[in-house]
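# Structural overview
What follows is each chain in one-letter form.
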Amino acid sequence: MSKDIIILTPNGRRHKVHCTPDTSMLQILEDACQKQGFQPSDYNLKFHNQIMDLTTTIRFSNVPNRATLEMVECETRREESIVTIGLMLEDGERRTADFNPNIALYDMIMKLAPNEFGSLLNPCILYMRQEVVGVDALKLKSLRHLGLIKGKAILRLLNKLEDARQANVSAVYRCPISENKNSENKNKGSDIQLEKNTPDESISLPGPSVPINFLSEPTAKTLKIVKEQQQHIAEVSKTERNNLDKNVVNDEIQQETQNMLEIDSDRRNISSSLSQEFLERRLKIEEEVNFLGTQKAIVFTQPEIIENDLEDLPDDFYELTIEEVRKLYKDLQQQRLKLENTPLMTSTKREEVEKETSETVKLNKYKNAVVRIQFPDHMILQGIFAPTDTIEDVTNFLKEHLAHPEKPFHIFTTPLKETLEPKMTLLEARFVPCVHMHFKWLEESPDSLYLKKEIYSNTTTSDAASILASKYRAPSRRKLEEIHNSHTNSPTTSKSSKVPKWFKN
């Protein structure tokens, strides 16, 4: 969706810039300076008394449509520097080099990955949801057009297929309109009754007549005419509408209500039967899985995720019910009482207390921690540990199932790939109630197995592994009841707190 940004120049003039969500703030500044005769390196953009980051795009700048940005002089002249680019290939390899911001993307690729570029049918550079597709576009675009004038950045080089779609956070992908829907719309348009007596045939609807010639136009025009007729019917006076047959309307409403009730009851029956089957399967889940040794170890293959198109939720989904408002009000009361009865502390001390409290709550709430370790061949090793077990215990557990336990390896979590200390407990590492780790050989060798050969023939299905994990990472029911009782027995007002004697009258 395109936007219009108003730039207020130092000479008091207003300049409108038409941009897209992927337009960088630097490109907007350069466009305004070029039209008004200013030097872009001498100015910054200010919005709500804050200097904008020129490397960001409109999508991530939090600037609304038709917003006014002010050009202000820089304290020091902005100078461009070398940009460090990490080019990530389709196989995961990353190649790094330093470039000038004015270099074309095509020249950058030819320096870093010329062989891989030749094998791509439709090359594409992806950066922060900005796509530059095709050789011609890569030759025209530079790092400067992407907003990269300093610092470091990672670009992805991939083969852009026609039916490939990039994951979108702020918009929902729509299914293409099927031919069936189009045929239904045409049938609806053709259901209009016509009077075939005279050459000037017209649609027999209340209000002004519509020539039949319109029916030979495209379906969109016909639907537009029908919509206008419906609007005219809605504007009929109340006296005319009261003359309609109310009995027919009431019968239709009753029939529709009955159909909705039947559908609702069918859905409830289906959901109850599914939940009953799930509970029965969860109780007997240990009979389905293939345990490999200690810690209830199992191995399964990473499931293939099928992304379904999302549908817009109705407006009434966001409306709060009376029970939800009561719960929110009760939570606010409890939080207010907690803040009133808590002594004043520094931010550092408060963070330490909150950390200790959260660890204690988790230790009392969860008895187990589910640890999953994913290998590069998409196999996942799952084990059940106690919250007090250490990273060293997980490492020893992993060595029992490796094909070469003597080889050095590395386990880490993403993002940031933080190295884990061996003596750290799972609770201290915030791995309770579950954690997903990754495995990597420090010295990678081709055609090397990660797990033992017999393990690959003794795998478990992914859905059974998920049910087993949900069973062991569920909180203790007794602890949940204790926490609920402690909340319900807590005082509802601050008047119950003791008042010192010297404060009394």
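Quick look at the structure, then. Worth saying up front: this structure is predicted, and the values here are computed from it rather than measured.

Our focus in this paragraph is the overall build of the protein chain. Of the regular secondary structure elements, the protein chain holds 14 helices and 16 strands. By the burial criterion, 29% of the 505 residues in the protein chain qualify as buried. Here the analysis covers contacts within the protein chain between residues at least 6 apart in sequence; of these, 65% occur between residues at least 24 apart. Accessible surface, the protein chain as shown: approximately 35,400 Å² in total, 51% of it carbon and sulfur.

With that settled, consider the nonpolar core. Residues F375, L398, L426, M437 and F439 are the most contacted members of the largest nonpolar core, which totals 30 residues. Mapped onto this core, the elements with two or more residues apiece are strand 12 (369–374), strand 13 (379–385), helix 11 (391–399), strand 14 (409–413) and strand 16 (434–441). For F375, the contacting residues outside a window of four places in its chain are L381, L398, L402, F439, Y450 and L451. Among the nonpolar cores identified, the runner-up in size contains 23 residues, and L112, F117, I125 and Y127 belong to it.

The pairing of strand 6 (residues 83–88) with strand 7 (residues 94–99) spans six bridges and is classified as antiparallel. Among the inter-strand pairings, T84 is bridged to a residue of strand 7, identified as D98. Once strand 6 ends, the chain turns through five residues before running back antiparallel as strand 7, passing G92 with a positive phi of about 95°.

To continue, consider the sheet that holds strand 3 (residues 43–47). Across the sheet, which stays open at both edges, the five strands sit in the order 2-1-5-3-4 with mixed pairing between neighbours. Two strands close off the open sheet at either side, each with one partner strand: strand 2 (14–19) and strand 4 (50–51). Helix 1 (residues 25–36) rests against strand 1 (3–8), strand 2, strand 3 and strand 5 (68–73) of the sheet, and its axis sits at about 135° to strand 2.

Turning to the packing of aromatic side chains, a few remarks are in order. What describes a pair of aromatic rings is the distance from one ring centre to the other and the angle between the planes of the rings. In total, this model carries nine aromatic pairs according to the counting rule given. Note on F375 and Y450: the rings are 6.1 Å apart at their centroids and 50° apart in plane angle, and the pair reads as tilted. Here the residue F375 occupies a position in the loop between strand 12 and strand 13, and Y450 occupies one in the loop between strand 16 and helix 12 (453–456), the gap between them amounting to 75 residues. Y450 shares its class with F375; the two are buried. Taken together, the aromatic side chains of F375, F409, F439, W441 and Y450 make up a single cluster linked through ring pairs. Taking the ring centre of Y106 as reference, the NZ or CZ of K139 above it sits at 4.9 Å. The ring centre of F291 lies 5.5 Å from the NZ or CZ of K296, which sits over that ring.

Another aspect to go through is the environment of R13. Tracing the backbone shows R13 in the loop between strand 1 and strand 2. Classification of R13 by relative accessible area gives exposed; the value is 53%. Between the C-alpha atom of R13 and that of Q36, which follows or precedes it by 23 residues, the distance is 8.7 Å. Ignoring anything within four residues of it in the chain, the contact list for R13 reads I7, L8 and Q36.

Moving on: the layout of surface pockets. Considering only enclosed or pocket space, the second largest pocket measures out at about 340 Å³ in volume. Lining the second largest pocket, in full, are Q374, F375, P376, F412, T414, K417, H438, F439, K440 and E444. Broken down by element, the lining of the second largest pocket gets its largest block of residues, three residues, from strand 16. Partitioning the lining of the second largest pocket into residue classes produces four nonpolar, three polar and three charged.

A few words on the pattern of salt bridges. Overall, the coordinates contain 13 salt bridges when judged by the stated rule. Where R144 meets E30, a salt bridge forms, and the shortest distance between an N and an O atom there is 2.5 Å. Residue R144 is located in the loop between helix 4 (135–140) and strand 10 (152–159), and its partner E30 is located in helix 1; the two are separated by 114 residues in the primary sequence. The shortest N-O distance in the salt bridge between E131 and K160 comes to 3.3 Å. Here the residue E131 occupies a position in strand 9 (residues 130–133), and K160 occupies one in the loop between strand 10 and helix 5 (179–190), the gap between them amounting to 29 residues. We classify K160 as buried; its relative accessible area is 17%.

Let's shift gears to the pairing of strand 10. Regular strands place their side chains on alternate faces of the sheet. As judged from the five bridges shared by strand 6 and strand 10, these two strands associate in the parallel manner. From the neighbouring strand, M88 faces strand 10, where its bridge partner is R156. Pairing analysis gives four bridges linking strand 8 (residues 123–127) to strand 10, with the strands arranged antiparallel. Its bridge partner lying in strand 10, C124 is registered against L158.

Moving on, we get to the environment of I384. With respect to the helices, strands and loops of the structure, I384 is situated in strand 13. As a C-alpha pair, I384 and R372 span twelve residues in sequence and 8.9 Å in three-dimensional space.

A few words now on the environment of F375. With relative accessibility at 2%, the residue F375 sits in the buried group. When the C-alpha atoms of F375 and L451 are compared, they prove to be 9.0 Å apart, with 76 residues separating the residues in sequence.

Criteria and thresholds
Residues numbered from 1 in each chain as written. Predicted model: local features only at pLDDT ≥ 70, side-chain atom pairs only at ≥ 80, totals over all residues. Heavy atoms only, no water. Helix = DSSP H or I, 4+ residues; strand = E, 2+ residues; numbered from the N terminus. Buried < 20%, exposed > 50% of the residue type's maximum accessible area, 1.4 Å probe, protein only. Contact = heavy atoms within 4.5 Å. Areas by Shrake-Rupley, 256 points an atom, 1.4 Å probe, with all protein chains shown as cover. Core = buried A, V, L, I, M, F, W, Y, C linked by side-chain atoms within 4.5 Å. Pairing = 2+ DSSP bridges. Axes fitted to C-alpha atoms, helices over the stretch in contact; angles between N-to-C directions. Phe/Tyr/Trp six-rings, centres within 6.5 Å; stacked < 30°, edge-to-face > 60°. Lys NZ or Arg CZ within 6 Å of the ring centre and 35° of its normal. 1 Å grid on protein atoms, 1.4 Å probe; cavity = no way out; pocket = protein on both sides within 12 Å on 5 of 7 lines; lining within 4 Å. Points joined across faces, edges and corners; volume = space filled by probe spheres on them. Nonpolar A, V, L, I, M, F, W, Y, C, P; charged D, E, K, R; others polar. Salt bridge = Lys/Arg side-chain N within 4 Å of Asp/Glu carboxyl O.

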